[in-house]
Amino acid sequence: MRKILVFFIGILMTSLHAFAQAPKKPTSSEIYHSLQKLNFLGTALYIAAHPDDENTRLISYLSNNVKAKTAYLSLTRGDGGQNLIGPELRELLGVLRTQELLAARRVDGGEQFFTRANDFGYSKHPDETLTIWNKKDVLGDVVWVIRNLKPDVIINRFDHRTPGSTHGHHTSSAMLSVEAFDMANDENAYPEQLTSTTTWQPKRAFFNTSWWFYGSPENFEKADKSKMLNFDIGVYYPTKGLSNNEIASMASNQHLCQGFGRVTTRGSQNEYIELVKGSLPNDETNIFEGVNTTWSRVSGGKAVGEILYAIEKSFDFIDPAKHLPNLLLAYKKLQEVPDAHWRNLKSKELKDIIVAVSGLYLEASAQESSTYPGGTVKINVEVLNRSSAKIALKSLSILEDYEDGTNLNLEENKKINLELTLNVPENMSYTSPYWLAEKGSLGMYTVADKSLIGKPETPHAFMATFELDFEGFSITIEKPIVHRYSKPDKGELYQPFEILPQATTHLTDKVVIFADSKAKDIPVTIRAGASGLKGKISLEHPQDWQVTPAAIDFTIAEKGDQQTVIFTVVPPEKESEGTIAPVVSVGQKTYSQELIEIAYDHVPTQSVLLSSESKIVRLNIQKVGENIGYIVGAGDEVPESLEQIGYKVHTIDPNNIQPGTLAKYDAIVVGIRAYNVVDELKFKQRHLLDYVNEGGNLIVQYNTASRRGLGIDNLAPYPLKLSRDRVTEENSEVKILAKNHSMVNFPNPITEKDFDGWVQERGLYFPNEWGPEFTPILSMGDSGEAEKQGSLIVAPYGKGNYIYTGLSFFRELPAGVSGAYKIFANMLSIGKDKVENESDIKG
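Residues numbered from 1 in each chain as written. Predicted model: local features only at pLDDT ≥ 70, side-chain atom pairs only at ≥ 80, totals over all residues. Heavy atoms only, no water.

**Things to note about the pairing of strand S6 (residues 204-207)**
Alright, step 1. Going residue by residue along S6, you find Arg 204 and Phe 206 tucked away on one face and Ala 205 and Phe 207 tucked away on the opposite face as well.
Alright, step 2. Of the strand pairs in this sheet, strand S5 (residues 153-156) and S6 are connected by four bridges, and their pairing is parallel. Opposite Ile 154, over in S6, you have Ala 205 as the bridge partner.
Alright, step 3. Traced from S5 through helix H6 (residues 168-183) to S6, the parallel crossover comes out right-handed. (Buried < 20%, exposed > 50% of the residue type's maximum accessible area, 1.4 Å probe, protein only. Helix = DSSP H or I, 4+ residues; strand = E, 2+ residues; numbered from the N terminus. Pairing = 2+ DSSP bridges. Right-handed = clockwise from strand over helix to strand, strands pointing away.)

This is the structure:
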């Protein structure tokens, strides 16, 4: 049943806080900026490897000063990094970093693209990178983006000529870019793409160089700059009230999970780009020299340009609606342009300007944030014409088979509200990130729908199509269906409208360690995506494990509510690994996914569907001690992992560390990068070392080495120098150097086999220099490199022991790597073999 409410708006609403999903409401200055960009027919593509690799100064300069259509192609989504603001790692971190990139582009004015490459972690050489990535497919994705975007210029963040000198992903991004430069124009290269796009030849390509690539400003000053372009990217934009580098800083600030929050900068600043492909411009400040960036670039464009240039020249900031008739005329003429690429691109830009100058507000908001395939939801539609222009709503459609043809006249400043019922098709896909829909490989995501390749995110579940009549001329405007709501402490909020399963499940622990043959109760939480949900849940498991009961009935009355059921899991007597996975049956349908919500204020809320499962490990492990103190660093799941094998882990607030407060702990563990992110530690380090001196065990996990250092002189009781040494090959050979040391003998014998099954890497930021008091325990190295001995070193200090390790326990323990648990138990137990009897060793 449709309800129509028409009333006069006499009160201006106060603007409230809104998330990044809020619709754009452009000012006159912003409309004018869009008009300037509409009148520039040139495109630039910036290419690098990861989120936060991009030069936001240059992207902002090209978009806001040059007015070019500017995009960033990040080959990966940054899945292999760390997270400073939350628990998301791997694919979930990739989702978060994708949204941070999109947030950055909303600030600097660029667009965003990706390939299917998976950030598998640090790589030392492009040979390794391109083997794991599958070079052919990633190169094809780069070619695909170039053919569709059709950039006139390409700028690489990294140098393609220096393989092995930096992160293999970085160099690979430049190498693939250079190779794709000519390949995009070769009809014999990836010919299957040409059914959906056309070949394209960019004009020139550059490397975005700087003194950093030369080692110092002094070296860069002496460098040959004959093939470089140089421009001041510190320009000031009066209509924005901001300098270009201020905008760039604000864009970079969106990368919060990587710790990019920083103060803004402003003032004159030079940027250099070095030619690597194509002809060198004579004007060293004009990257588009030789490219026709006017409307005369396209057949039929001159007539369009004559209208639009005149509007730009005489733009009325007080009453932009006066330009509507000429904008409509330009739109009509634009539809006669035969070049489909420019016609489609500029038609979208021009329609946005037409809507903006008309003061048109078009919104379709679902009354709920989600529904399921086969479900229904009410849609509130708001239509408002805030100009004197004669505009009518001819029709409104959401699905191809649904159309509402009311032909409503939109009177000035009189709002029309419509309420529609949307029936979601049974075969509707879920709105989870498309690249996670199927299981990928270490280096590549699997994307079945090739039309999605390159896109930053899954397209909106539904679009509302408004057919508008402007005095006899029709224009169609699409708006995504969103969910608009409010909270007393937040105000007006927006989030995406999503299609999600009727039922999802959650296992609290993604890895469950059985240190003995005793059974464990495993809670499984069922979340209802629909009201009145009834069904059964069972737990799939390996044959040599036992689960009771076989199935459990459940009923959940309200959508969004949850119910937790308990299964008892009995491990086998011998060591074993496997997977348990809950399966929900509702009628004839089964559900086996987990719904994970990623919610931060600086990015839109994300709903991610992954397989609901946990790894189960039957591990014969021994340990000594019980109470462990843990100082949290940048965030990891090591404490939860230690609790899995029976330790009681207590979080230590560095502010509360005082003499004598630490003696109760059998060992203290310092979390990853703690000395990088916890300033208070430099004032408390002496107390930690006193704890060791009095008989305690202190385990310090990796910290990053920087030119500024850690800001602490007494990281260890003896000389210790951190480096950037790392071993990235997770299957690289490991040798035990100190075979008689208790670290590899008590209470668990450690062999080379305990390094089987490690994930992503061996470790990172190893010390490369240390005092003679330290004993290196292990030796390891990547292929073709000298072995490194700094991954795990230990030194007695007073009555206790100090251990520094760069081994990636923060990855291995949550992944359920058996050997990593045994090694960590031995570190916690060091020294206890001298005072504990065999009967005191706890299994």
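That shown, we press on.
**What about helix H2 (residues 56-65)?**
Alright, step 1. Of all 10 residues making up H2, eight are buried, and the element is well covered by its neighbours.
Alright, step 2. By the burial criterion, the buried members of H2 are Thr 56, Leu 58, Ile 59, Ser 60, Tyr 61, Leu 62, Ser 63 and Asn 64.
Alright, step 3. Backbone nitrogen of Arg 57 and a side-chain oxygen of the N-cap are separated by 3.0 Å at the start of H2; the cap is Asn 55.
Alright, step 4. Of the residues trailing H2, Lys 67 is marked for its positive phi of about 75 degrees. (Polar contact = N/O pair within 3.5 Å; in protein donor to acceptor, adjacent residues only side chain to side chain.)

**Some points on the sheet that holds strand S25 (residues 520-528)**
Alright, step 1. The antiparallel open sheet is built from four strands, whose spatial order is S23-S25-S29-S27. The open sheet is flanked by strand S23 (503-507) and strand S27 (546-548), the only strands paired with a single partner. The mean inter-strand angle of the sheet, taken between neighbouring strand axes irrespective of direction, is 30 degrees. (Axes fitted to C-alpha atoms, helices over the stretch in contact; angles between N-to-C directions.)

**What about the nonpolar core?**
Alright, step 1. Counting residues in each nonpolar core, the largest one holds 80 residues, and the members touching the most others are Tyr 802 and Phe 824.
Alright, step 2. Filtering out sequence-adjacent residues up to four positions away, Tyr 802 remains in contact with Leu 689, Val 692, Leu 698, Val 700, Leu 715, Ala 716, Pro 717, Leu 720, Phe 774, Ile 793, Val 794 and Ala 795. (Core = buried A, V, L, I, M, F, W, Y, C linked by side-chain atoms within 4.5 Å. Contact = heavy atoms within 4.5 Å.)

**Re the packing of aromatic side chains**
Alright, step 1. All chains considered together, the criterion is met by 22 aromatic pairs.
Alright, step 2. Both rings, one in Phe 207 and one in Phe 213, keep their centres 4.9 Å apart while their planes meet at 80 degrees; by these two values the pair is edge-to-face.
Alright, step 3. Taking the centre distance of 5.2 Å and the plane angle of 90 degrees together, the rings of Tyr 434 and Trp 435 count as edge-to-face.
Alright, step 4. Clustering of aromatic rings is evident, with ring pairs tying together Tyr 718, Phe 774, Tyr 797 and Tyr 802.
Alright, step 5. When the ring centre of Phe 114 is taken as reference, the NZ or CZ atom of Arg 77 above it lies at 4.1 Å. (Phe/Tyr/Trp six-rings, centres within 6.5 Å; stacked < 30°, edge-to-face > 60°. Lys NZ or Arg CZ within 6 Å of the ring centre and 35° of its normal.)

**A closer look at the side chain of Thr 704**
Alright, step 1. Secondary-structure assignment places Thr 704 in the loop between strand S38 (697-701) and strand S39 (720-727).
Alright, step 2. The buried category is assigned to Thr 704, whose relative accessible area is 16%.
Alright, step 3. The contact partners of Thr 704, leaving out residues within four places of it in the chain, are Arg 673, Asn 676, Leu 710 and Tyr 765.

**Description of the sheet that holds S5**
The pairing of strands in a sheet happens through backbone hydrogen bonds and is either parallel or antiparallel.
Alright, step 1. Spatially, seven strands are ordered S4-S3-S2-S5-S6-S10-S7 in an open sheet, and the strand pairing comes out mixed. Edge positions in the open sheet fall to strand S4 (111-114) and strand S7 (228-232), since each of these has one partner strand only. Strand-to-strand twist of the sheet, defined as the mean angle between neighbouring strand axes without regard to direction, takes the value 30 degrees.
Alright, step 2. Bridging between S7 and strand S10 (residues 270-278) involves five bridges; their strand directions are antiparallel. Across the sheet, residue Phe 231 finds its bridge partner in S10, namely Glu 271.
Alright, step 3. Across the face of the sheet, H2 comes into contact with strand S2 (43-48), strand S3 (69-74), S5, S7 and S10 while running at roughly 155 degrees to S3.

**Thoughts on the environment of Ala 825**
Alright, step 1. Considering the arrangement of structural elements, one finds Ala 825 in helix H16 (residues 818-829).
Alright, step 2. Residue class for Ala 825 comes out buried when judged on its relative accessible area of 1%.
Alright, step 3. Separated by 695 residues in sequence, Ala 825 and Leu 130 place their C-alpha atoms 37 Å apart.
Alright, step 4. If near-sequence neighbours (up to four positions away) are discounted, Ala 825 is found in contact with Ile 621, Gln 622, Tyr 647, Pro 747 and Asn 748.

**Details of helix H8 (residues 244-252)**
Alright, step 1. Counted residue by residue, H8 has eight buried out of nine residues, so it is predominantly covered.
Alright, step 2. Taken residue by residue, H8 has Asn 244, Asn 245, Glu 246, Ile 247, Ala 248, Ser 249, Ala 251 and Ser 252 as its buried positions.
Alright, step 3. Buried positions along H8 lie against H2, helix H3 (90-108), strand S8 (236-237) and strand S9 (242-243).

**Some details on the side chain of Thr 525**
Alright, step 1. Within the fold, Thr 525 resides in strand S25.
Alright, step 2. One polar contact links Thr 525 to Thr 564, side chain to side chain, over a distance of 3.0 Å.
Alright, step 3. Those residues in contact with Thr 525 that sit more than four places away from it in its chain are Thr 504, Thr 505, His 506, Gln 562, Gln 563 and Thr 564.

**Details of the packing of H3 against H8**
Alright, step 1. H8 packs onto H3 with a crossing angle of 165 degrees between their chain directions and a minimal axis gap of 8 Å. Considering the angle they form, H3 stands roughly antiparallel to H8. Like other packed secondary-structure pairs, H3 and H8 cross with a definite hand, here right-handed. Contacts between H3 and H8 involve Ala 104, Val 107 and Asp 108 from the first element and Ile 247, Met 250 and Ala 251 from the second.
Alright, step 2. Across the contact of H3 with H8, the residue classes break down as five nonpolar, no polar and one charged. (Parallel < 35°, antiparallel > 145°, perpendicular 65-115°, else oblique. Left-handed = near helix turned anticlockwise from the far one by under 90°. Nonpolar A, V, L, I, M, F, W, Y, C, P; charged D, E, K, R; others polar.)

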